[in-house]
Amino acid sequence: MPYILIYDVGTSSLKLMLYDKNGEVIFVNSYPYEYATPKVGWAEINPQKWEQALWKGLDEIAAKFALSELVAIAGTGQMHTVILLDEQQEVLEPCILWLDRRADQETVELQEMFSLPPYVLNSTYSLPKLFWLNKNMPEVVAKTKKILWAKDYIRFLLNGVISTDATEGLGAGLLNWETSSWEKTRLMKIGWNEDVLPQILPADAGVGKLKNEIAEKYSINKQVKILTSSGDILALLGGAPHKKGRLVYSLGTSSMFFTLVEKIMVSKCGGLYTLALAGLHLFGGVSSTTGAALTWCKEKLWGEISWDEMLSAAWKVEAGKEGLIFIPYLAGERSPYWSDQIAGGFYGLTLEHDKRHLTRAVLEGVAFSVKHMLDLYKDNGVDINEIALAGGGVKTKGWGQLIADVCGVNVVIFTGQETVGNAVFAISKSSIGKEKFNDILAGMFNLGVTLIPNDDRGKELLAAYQNFRKFSQFAIEIT
């Protein structure tokens, strides 16, 4: 029986997941949409596309399941993307996506203005984007009465309540990390009114009631609990149980990776930082375009051909084909280099290379970027002896094994694609009943599938990795 409905607002699709009481996924589907790139480095979307995907998904679910027994609705999704609402609570354009890099100069100005460490602010974050809007579109700022983030906007469509949680403030560059409250001064300094900020509520708090017209249309229980929930940073908890020496790597459009440490650590090199989440100290960072690099490859080089056909062709190419290297910094980078200006590229191209070789290089380039992170951990005195791979990237045939071969450590796949969904489920069930979040989440992990590195293949790729590091360093030096 349907128990909890979860939505996940992704960069290119909205996913809906229906869980039963035991935490089993009884329905999952994604509803795609496109975003616009009006200029180089820009990325925008009309939130109406999210709304259309939501109603389409609910139509499908309601046709298959009786939702009168549904007890909770919760959500997650991309962070940093800001939605602007006017006095009539209508959306104002533009809605600037997280991967948009137009606010690079504003980021520099803000870091100087507030003396912030790099990991507190990045051009993908909301605050620089809001600064850019005030400089370039003050008429839009004047009309804005409230701001929300992606998962909060979907919840707003369901219950009309304007609120958020602390993770969105963190991803906005607007949160005080110590108090989990708004740093209103930052907003006021860039010409915005502090009143646009929504109320911050706990992730497990119930907020508002489902709109009557929605409940009636889809025959949903009118007493269903709608939770504040959290941004997709929850993938750090849903990928695998954290333990010393294990790197939990969520491979998605972008990738988050963190490992358990005993205390707050300050990185000796760029791109790594400590994050406190669910009572844990997690040390790691984010790579901006990992899965996005492969999607770019598919869309720009292969067109209508299927993913399976593309990957089959790529895997037939010899490993490290004659030194062809791909650097996956297609939208700036956060880890290993905190830079808006750094760019990606192919190195070692010859006349014999075609799209098969380029695709193989993209797959290897992302694997090399994972190994680069392991090198950074070693430089910081943190030993990684296992990678727990999660997120949508685990569905890419052969990628997990390649990462194991390149990194020379076991790769364990626990929950597959429903990484963040499982964490949201645990929050929801804990809010409904008396069980603790960590206990519920721990019970959702299976034994996992272990991929053992092929040492011979790893040796074949060693020279290519060394070239990757050289070209990676070159990319940041010429920035």
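Above this text is the structure in question.
First, a word on what this report is: a plain description of the structure on this page. (Residues numbered from 1 in each chain as written. Predicted model: local features only at pLDDT ≥ 70, side-chain atom pairs only at ≥ 80, totals over all residues. Heavy atoms only, no water.)

Our focus in this paragraph is the overall build of the protein. The number of helices and strands found in the protein is 16 helices and 21 strands. The C-alpha radius of gyration of the protein comes to 22 Å, within 12% of the 23 Å expected for a compact globule of 479 residues. Each principal axis of the C-alpha distribution contributes one length, and for the protein these read about 60 × 50 × 50 Å. Taking all 479 residues of the protein together, the buried fraction comes to 59%. The long-range share in the protein, meaning contacts at least 24 apart out of those at least 6 apart in sequence, stands at 69%. Summed over its atoms, the accessible surface of the protein is roughly 19,800 Å², and 49% of this surface lies on carbon and sulfur atoms. Here the protein carries 47 positive and 54 negative side-chain charges, and the mean point of each set is 2 Å from the other. (Helix = DSSP H or I, 4+ residues; strand = E, 2+ residues; numbered from the N terminus. Rg over C-alpha atoms; globule rule 2.2 N^0.38 Å. Buried < 20%, exposed > 50% of the residue type's maximum accessible area, 1.4 Å probe, protein only. Contact = heavy atoms within 4.5 Å. Areas by Shrake-Rupley, 256 points an atom, 1.4 Å probe, with all protein chains shown as cover. Lys, Arg positive; Asp, Glu negative; His and termini not counted. Charge placed at Lys NZ, Arg CZ, Asp CG, Glu CD.)

This part is about the side chain of Thr228. Inspection of the secondary structure puts Thr228 in the loop between strand S12 (225-226) and helix H9 (235-238). Since its relative accessible area comes to 0%, Thr228 is described here as buried. Sequence-distant contacts of Thr228, that is, excluding residues within four places in its chain, are made with Lys151, Arg155, Thr164, Asp165, Leu201, Pro202, Ala203, Ala205 and Val207.

Time to look at the packing of aromatic side chains. Under the defined criterion, the tally for this structure stands at 20 aromatic pairs. Residues Tyr19 and Phe425 carry aromatic rings whose centres are separated by 4.9 Å and whose planes lie at 25° to one another, so their mutual orientation is stacked. Of this pair, Tyr19 sits in strand S2 (residues 13-19) while Phe425 sits in helix H14 (residues 419-432), and the two are 406 residues apart along the sequence. The pair Tyr19 / Phe425 is uniform in exposure class, with both members buried. Members of the aromatic cluster, each reached through a chain of ring pairs, are Tyr3, Tyr19 and Phe425. The positively charged end of Lys211 is found above the aromatic ring belonging to Phe156, 5.9 Å away from the centroid. (Phe/Tyr/Trp six-rings, centres within 6.5 Å; stacked < 30°, edge-to-face > 60°. Lys NZ or Arg CZ within 6 Å of the ring centre and 35° of its normal.)

Mapped onto the elements of the fold, Ser335 is located in the loop between strand S17 (325-327) and strand S18 (345-347). Setting aside chain neighbours within four positions, we find Ser335 in contact with Phe257, Gly271, Gly285, Val286, Ser287 and Met373.

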